[in-house]
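Survey of secondary and tertiary structure
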Amino acid sequence: MIRSQVLVCGGTGCTSSGSKTLISTFEEELVKYGLQDEVKIVPTGCFGLCEKGPVVIVYPEGTFYSHVKKDDVSKIVEEHLLKGRIVNDLVYADVSEEVKEEASKAVSLNETNFYKTQRRVALRNCGVINPESIEEYIAMDGYAALGKVLTEMTPQDVIKIVTDSGLRGRGGGGFPTGRKWSFTAANSADQKYVVCNADEGDPGAFMDRSVLEGDPHCIVEAMTICGYATGATEGYIYVRAEYPIAVKRLEIAIEQAKEYGLLGENIFDSGFNFNLHVRLGAGAFVCGEETALMTSIEGNRGEPRPRPPYPAVKGLFGKPTTENNVETFANIPQIILRGAEWFASMGTERSKGTKVFALGGKIKNTGLVEIPMGTTLREIIEDIGGGIPNGKKFKAAQTGGPSGGCIPASLMDTEIDYDNLTAIGCMMGSGGLIVMDEDNCMVDIAKFFLDFTVDESCGKCSPCRIGTKRMREILDKITDGKATLEDLDKLEELANYIKQNSLCGLGQTAPNPVLATLRFFRDEYVAHIVDKKCPAGVCKALLNYSIDVDKCRGCTACARKCPVGAISGTVKKPHVIDSDKCIKCGACMDTCKFGAVVKG
Amino acid sequence: MKSLAELAAIKEKMKDKVVLREGSGEIRVVVGMATCGIAAGARPVLNAFVEKVNEAGLSEKVTVSQTGCIGVCQFEPVVEIFEAGKEKVTYIKMTAEKAAEVVEKHLKGGEVIQEYTISNAIS
């Protein structure tokens with residue numbers, strides 16, 4: 001009889017920090033203490049707090065161990081599992097003072113600052129069930145929504161409940177999901193398709209990967225429901241080949257669903273047939289665009305095509321197709337089971353439900369968080385994310401990756417939803433949230449994202465292919481200190497032109513990082529151009545290291561550290577940096593104990 | 001899969017395996033499992049609780065957990081039962097048989113077995 005379960009995260013983050021070895025070590029140790037029949041090891045999907053990985057949770061206590069190393073395993077087994085003493089050194093306990101006072105012993109996961117304000121809908125099974133077990137999914141109400149749909153509801157009922165819930169596309173577009181489904185349903189054809197877009201390409205976004213790795217069955221179930229609602233019998237999941245764990249678990253999930261008769265012919269004796277296929281993407285960013293994605297599934301080079309015709313009319317293989325993102329699908333079974341009103345009770349006026357954000361950059365708790373729409377950026381960064389490390393000041397957050405914009409510190413109290421973000425020239429995007437502090441140069445950030453789109457432009461239309469390249473050249477001029485204010489006007493004009501004339505979403509949104517930084521941080525651009533200075537001290541060409549003669553004690557440490565011999569001076573006398581030789585590596589600044597090296 | 005009943009049957013069968021992770025049982029049974037407890041035979045007591053709670057179909061309501069030394073080593077194995085809004089009940093010198101009885105009478109029936117409690121030993 002199992003009395004305790006040890007959940008070990010098997011997401012990509014924790015796998016790369018060694019959780020696989022933990023699982024085997026746990027199994028060995030359990031045998032050593034004769035506990036193998038009492039304690040079960042369960043590999044799960046992502047818990048969200050990737051920063052603290054590898055993560056291990058012991059139930060029924062719900063003890064959350066972080067940064068668990070191989071050598072810690074025997075301690076957990078001997079102390080916690082055998083003797084019932086929680087290993088306090090390993091417990092993650094970032095909690096408020098009140099909770100700390102109340103809790104006499106180790107706190108449970110749900111009370112930590114990171115988890116307590118989260119509402120997990122799309123991620124509800126991630127880190128809770130073993131993703132390779134269909135039985136565990138069923139135990140958590142899995143496939144009950146599909147059963148309900150096929151035995152009690154008409155396709156129109158399904159579309160109505162999805163429409164009423166107010167669910168909008170989580171891939172970034174924010175198009176109402178129910179309406180999308182109704183368009184496909186309204187078109188008659190001998191064959192229709194459902195496509196799941198799992199080609200998550202925004203740098204810094206990994207929520208789709210987490211859902212596929214942690215709860216693959218919910219995508220299988222949701223796509224089948226969508227098939228029934230729209231009249232499709234075939235589905236394709238287009239997933240990046242760079243997500244091997246997700247691909248493997250999806251394939252296992254599809255196999256298991258087939259064995260249980262939850263995919264295939266006559267599901268739930270309803271006469272409805274549905275089949276699913278996995279297609280791997282080769283990693284082109286443009287294939288996340290819906291028409292390019294379908295072109296790629298068809299076996300052609302992934303290039304977008306003009307819309308209309310929209311996929312609902314002429315999509316995959318020229319047939320009516322519904323395409324949704326992973327996170328959108330992940331909400332569907334819960335909406336069916338708990339009702340449209342329940343879902344619509346969360347969020348804001350026009351953005352219902354929750355949204356998953358991938359926190360990255362200059363933030364303490366890197367990881368995945370799912371919060372109700374309408375939560376402010378301040379809450380996400382300060383309360384859940386734990387704030388900025390090393391006491392630095394928050395400068396801006398980039399949302400929506402290379403298609404999005406940035407939210408400056410002055411707008412930190414903006415309630416995050418689709419419309420509020422659009423109103424400030426930003427976008428929700430797929431939910432990547434990259435936090436930047438005072439040491440980040442906004443021109444450099446804009447250049448980074450533009451570099452990405454220049455690389456990823458498919459080349460089909462010239463505004464995107466040539467325009468983004470010209471924009472990057474102007475940005476290079478700015479960061480090299482060679483630009484004029486006319487270049488800035490040219491940059492803006494070009495950006496607006498590319499936005500209006502590109503063929504697909506990639507080009508239409510590529511100038512956004514530049515436009516958004518220009519809007520909120522124009523002074524930084526001007527500083528680069530007019531003063532030839534990079535205020536954050538990032539752009540190398542504009543940097544100058546020098547030594548403050550009053551502070552320098554002549555200890556020679558910097559001179560010894562300088563890789564190019566640019567620093568000279570005699571012992572106990574102030575040193576000098578030869579700026580012609582200096583390569584601006586900053587080694588002197590890191591070495592100086594007296595704060596005598598200044599950057600500017 | 002032909003019917004909802006079939007799905008419900010799988011769910012029922014699996015429920016016990018995942019319920020542990022919800023950790024929200026209204027009643028918590030905590031077994032002292034320090035060296036003193038183990039030496040006095042706490043392990044079979046813990047296992048008996050886990051088994052009987054499941055057999056009685058109480059796994060959604062009752063969480064069986066372990067803890068370190070409770071501090072009254074002479075009375076080990078010690079088991080404490082916490083229930084929201086009620087005073088904690090401490091059972092002492094437990095055995096697997098007594099555990100089965102506690103599950104039946106106390107956890108299922110709501111009736112504290114006075115003669116096994118610590119108050120009985122002290123007074």
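See the structure printed just above.
The rules behind these values
Residues numbered from 1 in each chain as written. Chains lettered and ligands numbered in written order. Predicted model: local features only at pLDDT ≥ 70, side-chain atom pairs only at ≥ 80, totals over all residues. Helix = DSSP H or I, 4+ residues; strand = E, 2+ residues; numbered from the N terminus. Buried ≥ 20, exposed ≤ 12 C-beta atoms within 10 Å, placed from the backbone. Contact = placed C-beta atoms within 7 Å. Pairing = 2+ DSSP bridges.

Details of the overall build of chain A
Broken down by element type, chain A carries 25 helices and 18 strands. Its C-alpha atoms put chain A at 90 × 65 × 40 Å along the principal axes. Relative to its full complement of 600 residues, chain A shows a buried share of 54%. Partitioning the intrachain contacts of chain A with sequence separation of at least 6 by distance along the chain shows that 71% fall at a separation of at least 24.

A look at unusual backbone geometry
Residue and element names in this part refer to chain A. Each neighbour pair has its own omega, and for Arg307 with Pro308 the value is -10°, a cis peptide bond. Along the polypeptide, Pro308 turns up in the loop between helix H13 (290-297) and strand S9 (321-325). The phi torsion at Asn266 lies on the positive side, around 50°, for a residue other than glycine. Residue position: Asn266 is located in strand S7 (residues 264-267). Located in the positive-phi region is Asp269, a residue other than glycine, with phi close to 55°. Along the polypeptide, Asp269 turns up in the loop between S7 and strand S8 (272-281).

A word on the pairing of strand S1 (residues 27-32) of chain B
Residue and element names in this part refer to chain B. In the sheet, S1 pairs with strand S3 (residues 79-83) via five bridges, with the strands oriented antiparallel. By the bridge assignment for S3, Ile27 is matched with Glu83. Where S1 meets strand S2 (residues 62-67), six bridges bridge the pair, whose relative direction is parallel. Across the sheet, the residue bridging to Val30 is Ser65, located in S2.

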